[in-house]
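One letter stands for each residue in the lines below.
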Amino acid sequence: MRKIVLYIAASLDGYIARPDGNIDWLTDKKYTIPDEDFGYSAFLQTIDTTLMGHSTYKEVMGFDMPFPYPDLKNYVFSRSAHEDTEYVSFVKDNPVEFIEKLKEQDGKDIWLIGGGQLNSLVLNAGLLDEIILTYIPIILGKGIKLFSEDANEHKLKLKPTEGNQYRNGFVQLKYSC
Ligand SMILES: NC(=O)c1ccc[n+]([C@@H]2O[C@H](COP(=O)([O-])OP(=O)(O)OC[C@H]3O[C@@H](n4cnc5c(N)ncnc54)[C@H](OP(=O)(O)O)[C@@H]3O)[C@@H](O)[C@H]2O)c1
């Protein structure tokens, strides 16, 4: 069965965005290392589908650039009805059942993009297989958590990795769930 992989970046204190959703601290140019994408393009080769919460989708649509995943099948979860777009399909009802069925279909792995609410939904449903977490060397103090408050306790297994420390201070950890 295809895996669901949460590939995401967080501050050292476990936030994925500022309280208003801003991720400027993550995209700071001072972190750029020439010819280094922290495994992103290799990861993209392994997936063909993305899952996003509506807040994350709105944040992505606010970026001053074209939709970043035009060649993938993209699903956005919302409790309200929205019209599908050229690039995304909205899911309103029975999100867990929907994701279960998606996992059973043939295909590459599925990228759980986030954010924190959707991460908890997938985790609590027992559908999350792997986490690839890049820690950014910053403490934000407050913000949107990697897993929202309703996440259930869940023990993880660290996967051995080599070359997971970068000279800009990023550290990438891989866990199986
Ligand atoms: N650091 C990173 O790498 C990274 C990665 C991804 C996201 N982010 C950030 O994370 C932030 C958003 O995280 P978040 O936790 O606030 O929100 P989120 O998980 O992205 O989206 C929350 C929304 O998803 C919908 N939703 C939640 N539970 C649902 C359910 N059971 N059924 C159907 N729809 C459901 C609701 O949409 P409706 O309100 O429309 O009902 C809810 O408001 C953004 O600022 C984004 O930039 C950061």
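Residues numbered from 1 in each chain as written. Predicted model: local features only at pLDDT ≥ 70, side-chain atom pairs only at ≥ 80, totals over all residues. Heavy atoms only, no water.

**Q** Could you give an account of the overall build of the protein, with specific residues and numbers?
**A** Each helix and strand counted, the protein has 4 helices and 10 strands in total. Written out in order from the N terminus, the α and β elements of the protein read β-β-α-β-α-β-β-α-β-α-β-β-β-β. Taking 177 residues into account, the globule formula puts the C-alpha radius of gyration at 16 Å, and the protein, at 16 Å, falls close to it. Taken along the three principal axes of its C-alpha coordinates, the protein extends 45 × 35 × 30 Å. Split into buried and exposed, the 177 residues of the protein put 43% on the buried side. Across the protein, every contact between residues at least 6 apart in sequence was considered, and the portion connecting residues at least 24 apart equals 72%. Of the roughly 10300 Å² of accessible surface on the protein, a fraction of 49% belongs to carbon and sulfur atoms. Distance from the positive charge centre (19 side chains) to the negative charge centre (26 side chains) of the protein: 4 Å. (Helix = DSSP H or I, 4+ residues; strand = E, 2+ residues; numbered from the N terminus. Rg over C-alpha atoms; globule rule 2.2 N^0.38 Å. Buried < 20%, exposed > 50% of the residue type's maximum accessible area, 1.4 Å probe, protein only. Contact = heavy atoms within 4.5 Å. Areas by Shrake-Rupley, 256 points an atom, 1.4 Å probe, with all protein chains shown as cover. Lys, Arg positive; Asp, Glu negative; His and termini not counted. Charge placed at Lys NZ, Arg CZ, Asp CG, Glu CD.)

**Q** Give me the sheet that holds strand 9 (residues 157–158): which residues, what numbers.
**A** Strand order in the open sheet made by the 8 strands is 5-4-3-6-1-7-10-9, with mixed pairing throughout. Lying at the two open borders of the sheet, with one neighbouring strand each, are strand 5 (88–91) and strand 9. Here strand 4 (residues 73–77) pairs with strand 5 via 4 bridges, running parallel. Within strand 5, the position partnered with F77 by the bridge is V91. The sheet contacts of helix 2 (residues 54–61) involve strand 3 (47–53), strand 4, strand 5 and strand 6 (109–114), and relative to strand 3 the element is tilted by about 105 degrees. The strands touched by helix 3 (residues 95–104) within the sheet are strand 1 (4–11), strand 3, strand 4, strand 5 and strand 6, with strand 4 carrying the most contacts at an inclination of about 165 degrees. (Pairing = 2+ DSSP bridges. Axes fitted to C-alpha atoms, helices over the stretch in contact; angles between N-to-C directions.)

**Q** Any chance you could break down the site of the ligand for me, citing the residues and the numbers?
**A** With respect to spatial proximity, 24 residues lie near the ligand, and among them A9, H54, T56, S78 and R79 are the closest. Against a free-state accessible area of 950 Å², the protein chains account for coverage of 85% of the ligand. Breaking the shell around the ligand down by element, the ones donating at least two residues are strand 1, strand 2 (15–17), helix 2, strand 6 and helix 4 (116–124). Tallied by class, residues from the shell around the ligand come to 12 nonpolar, 10 polar and 2 charged. (Near = heavy atom within 4 Å. Nonpolar A, V, L, I, M, F, W, Y, C, P; charged D, E, K, R; others polar.)

**Q** Tell me what's going on with the nonpolar core, and back it up with residues and numbers.
**A** Ranked by internal contacts, the top residues of the largest apolar core, which has 24 residues, are I4, L6, L51, L112, V122 and L128. Where this core is concerned, the elements lending two or more residues are strand 1, strand 4, helix 3, strand 6, helix 4, strand 7 (130–136) and strand 10 (171–176). No other element matches strand 1, which puts 4 residues into this core. When near neighbours in sequence (up to four residues on either side) are disregarded, L112 contacts I4, V5, L6, Y7, L51, L118, N119, V122 and L128. (Core = buried A, V, L, I, M, F, W, Y, C linked by side-chain atoms within 4.5 Å.)

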